Amino acid sequence: MNTVFYISAAVAILSTAMVISRLNAIHALLYMIVSLLAVAMIFFVMGAPFIAALEVIVYAGAIMVLFVFAMMMLNLGQEAVERERNWLSPASWAGPVTLVAVLFAEFIWIVSRTGGSLPGGGGLGPKQVGIALLGQYLVGVELASMLLLAGLVGAYHIGRRMPRTGEENEASRAGISIKQ
Amino acid sequence: MITVPIEHVILMAAILFSLGLTGVLARRNVLFILLSIEVMLNAAGIAFVAAGARWAQADGQIMFLFILTMAAAEVAVGLAIILQYYRHTGTLDVDAMGGGRR
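For every chain, the first residue of the written sequence is number 1, and numbering continues from 1 along that sequence. Chains and ligands are labelled sequentially in the order written, the chains with letters from A and the ligands with numbers from 1. Totals for whole chains, interfaces and linings use all residues, but because this is a predicted model, local features are given only for residues with pLDDT of at least 70 and pairs of side-chain atoms are given and counted only at 80 or more. Based on all heavy atoms of the structure, the side-chain values leave hydrogens and waters out of the count.

Asks: Summarise the overall build of chain B; cite the residues concerned and give the values.
Replies: Here a strand is any run of E in DSSP of at least two residues, a helix any run of H or I of at least four, and the numbering for each starts at the N terminus. Secondary structure assignment for chain B yields three helices and zero strands. In chain B, the order of α-helices and β-strands from amino to carboxyl end is α-α-α. Two things to know: the radius of gyration comes from C-alpha atoms, and the globule rule equals 2.2 Å times the number of residues to the power 0.38. Rg of the C-alpha trace for chain B: 17 Å, well past the compact-globule value of 13 Å for 102 residues, more than 25% over. Each of the three principal axes of chain B carries a C-alpha extent, and together these read 55 × 25 × 20 Å. Residue burial in chain B is summarised as follows: out of 102 residues, 49% are buried. Positive: Lys, Arg. Negative: Asp, Glu. His and the chain ends are not part of the count. Where a charge sits is defined by one atom per residue type, namely NZ (Lys), CZ (Arg), CG (Asp) or CD (Glu). Measuring between centres, the 6 positive side-chain charges of chain B sit 11 Å from its 6 negative side-chain charges. Residue exposure (1.4 Å probe, protein chains only): buried if accessible area is under 20% of the type maximum, exposed if over 50%, otherwise partly exposed.

Here's what the structure looks like:
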């Protein structure tokens, strides 16, 4: 079981190094997803299956998709077709797929060996986390909900498209107000 | 449960955090800087969960939940700011906004 941790840690560090060194943002995002999956595997073998599931669902699922959407909104140009062609070439996805295959082999090994549950009965399941979260940390949950609402309203307000009816300085004035 | 010493987990979190910090300092693309900040937050979360697993308390996982919430809100607002930045400068270079452009 320790080997699983070390392999996952190696995959996480390697893919994170690839994230910060890629030139193409989409390639970096692919490696980032691999890194998050490796970290989820580490959480699982560390005895935090609930957090591992949340890492996959929220981080690798929601936040990275948000990044992909933003990137696609930025790339609306003539080079979009060219990027699409590069995107489909094997050189861009061979690395992440290899790393994910390593993680998948680990996962298959764990499941075939333990039947999907953590050996030794160790770890903290969702039950303990839920009891502590909604008991002791209830104020934190309320604050988190307020933070998410503020983030939602703020993102909508900042990200909405300014009306294009005015002249160019209209937009630049709006840009200045954003900057402040 | 693994029997890896906690120092190794913390060391891995530290390496990931350093990689994220390197990304923030070295990259000039706003998108990569936001991505590196995500890496750093994630590394901090690993340290929290490792500490919680070490003492068999749920507090570490709850701290990670709060980090997750904060990261989601931060990414939403940050990406909105990046979209506006791109609309007004036409590039994602952080240096484009400097130098008293207004």
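Asks: Tell me about the interface of chain A and chain B, and please be specific about residues and values.
Replies: The contact definition used throughout considers only heavy atoms, calling two residues in contact when any of these lie within 4.5 Å. Facing 70 residues of chain A, the contacting portion of chain B comprises 61 residues. With both chains or domains summed, chain A and chain B bury close to 5600 Å², and 77% of this area falls on carbon and sulfur atoms. Once two parts are joined, some of their accessible surface, as seen by a 1.4 Å probe, is lost; buried area is that loss totalled over both. The largest contributions to the chain A side of the interface with chain B come from I20(A), M46(A) and L74(A), which together make up 13% of the buried area. Throughout this description, the term salt bridge denotes a Lys or Arg side-chain nitrogen within 4 Å of a carboxyl oxygen of Asp or Glu. Taken together, chain A and chain B are joined by zero salt bridges. In protein, a polar contact requires one atom able to donate a hydrogen and another able to accept it; more generally it is a pair of N or O atoms within 3.5 Å, and residues adjacent in sequence count only if both atoms are side-chain atoms. The tally of links between chain A and chain B comes to eight residue pairs in polar contact (both at pLDDT 80 or more). Contributing elements (two or more residues each) for the side of chain A that touches chain B: α1 (2–21), α2 (25–45), α3 (49–74), α6 (126–135), α7 (138–159) and α8 (168–179) of chain A. Any residue outside Ala, Val, Leu, Ile, Met, Phe, Trp, Tyr, Cys, Pro, Asp, Glu, Lys and Arg is labelled polar, Gly included; the first ten of those are nonpolar and the last four are charged. For the side of chain A that touches chain B, the class distribution of residues is 51 nonpolar, 14 polar and five charged.

Asks: How would you sum up the confidence of the model for chain B? Please name residues and give values.
Replies: All names here are of chain B. Chain-level statistics for chain B give a pLDDT mean of 87 and a share of 93% at 70 or above. Per-element mean pLDDT across chain B ranges from 91 in helix α3 (residues 59–89) up to 93 in helix α1 (residues 6–26). As a predicted assembly, this complex carries a pTM of 0.83 together with an ipTM value of 0.90. As a per-residue measure, pLDDT tells how confident the predictor is, with possible values from 0 to 100.

Asks: With reference to specific residues and values, describe the environment of A25(A).
Replies: All names here are of chain A. Within the secondary structure layout, A25 lies in helix α2. A residue is classified by how much of its surface remains accessible, and A25, at 16% relative accessible area, is buried. Between the alpha carbons of A25 and M71 there is a distance of 7.9 Å; along the sequence they are 46 residues apart.

Asks: How would you summarise the packing of aromatic side chains if you had to cite specific residues and measurements?
Replies: Pairs were defined over the aromatic rings of Phe, Tyr and Trp, the Trp ring being its six-membered one, requiring ring centres within 6.5 Å. Orientation was assigned from the angle between planes: stacked under 30 degrees, edge-to-face over 60, tilted for the rest. Enumeration according to the criterion identifies three aromatic pairs over all chains in this entry. Considering the side-chain rings of F5(A) and Y6(A), the 5.2 Å spacing of their centres and the 70° angle between planes classify their relative orientation as edge-to-face. By relative accessible area, Y6(A) is classed as partly exposed at 38%. Where Y137(A) meets F66(B), the ring centres are 6.3 Å apart and the plane angle is 65°; that geometry is what we call edge-to-face. With Y137(A) in the loop between α6 and α7 and F66(B) in helix α3, this residue pair bridges two chains. In this structure Y137(A) comes out as buried when scored by relative accessible area, which is 17%. Working rule: Lys NZ or Arg CZ, within 6 Å of ring centre, within 35 degrees of ring normal, means a charge sits over the ring. The cationic tip of R27(B) hangs over the ring face of F32(B); the distance from NZ or CZ to the ring centre is 3.9 Å. Here R54(B) stacks its cationic end above the ring of W55(B), 4.9 Å away from the centre of that ring.

Asks: Give me α6(A): which residues, what numbers.
Replies: If you check which residues of α6(A) are buried, you get V129(A), A132(A) and L133(A). For α6(A), the angular spread of buried residues about the axis comes to 100°, placing them on one side. Exposed and oriented more than 90 degrees from the buried face of α6(A) are K127(A), I131(A) and L134(A). On the buried face of α6(A), the contacting elements are α3 and α7 of chain A together with α3 of chain B. In this description, one arc is meant: the one made by directions from the helix axis to the C-beta atoms.

Asks: Describe the nonpolar core, and please don't skip the residues or the numbers.
Replies: F43(A), F67(A) and L31(B) are the most contacted members of the largest nonpolar core, which totals 72 residues. Elements that contribute at least two residues to this core include exactly α1, α2, α3, α5 (90–114) and α6 of chain A together with α1, α2 (30–54) and α3 of chain B. Broken down by element, the residue count for this core peaks at 14 residues, all from α2(A). If near-sequence neighbours (up to four positions away) are discounted, F67(A) is found in contact with L29(A), L31(B), L34(B), L35(B), E38(B), V75(B) and L79(B). We define a nonpolar core as any set of buried Ala, Val, Leu, Ile, Met, Phe, Trp, Tyr and Cys residues linked to one another through side-chain atoms lying within 4.5 Å.

Asks: Can you tell me about α7(A), naming the residues and giving the values?
Replies: All names here are of chain A. In this analysis, the expected span of each helix is defined as 1.5 Å times one less than the number of residues it contains. For α7, which comprises 22 residues, the first-to-last C-alpha distance of 31 Å matches the rise-based estimate of 32 Å (1.5 Å per residue) to within 8%. Looking only at α7, the buried set comprises G140, A144, G151, G154, A155, I158 and G159. Looking straight down α7, one finds that the buried residues subtend no more than 100° of arc, so they occupy a single side. Along α7, the residues that are exposed and aim more than 90 degrees away from the buried face are V139, M146, L149, L152 and Y156.

Asks: Now, about the side chain of E106(A): what can you tell me, with residues and values included?
Replies: All names here are of chain A. Secondary-structure assignment places E106 in helix α5. Here E106 falls in the buried class, since its relative accessible area comes to 6%. For E106, the contacting residues outside a window of four places in its chain are T3, V4, I7, S8 and M41.

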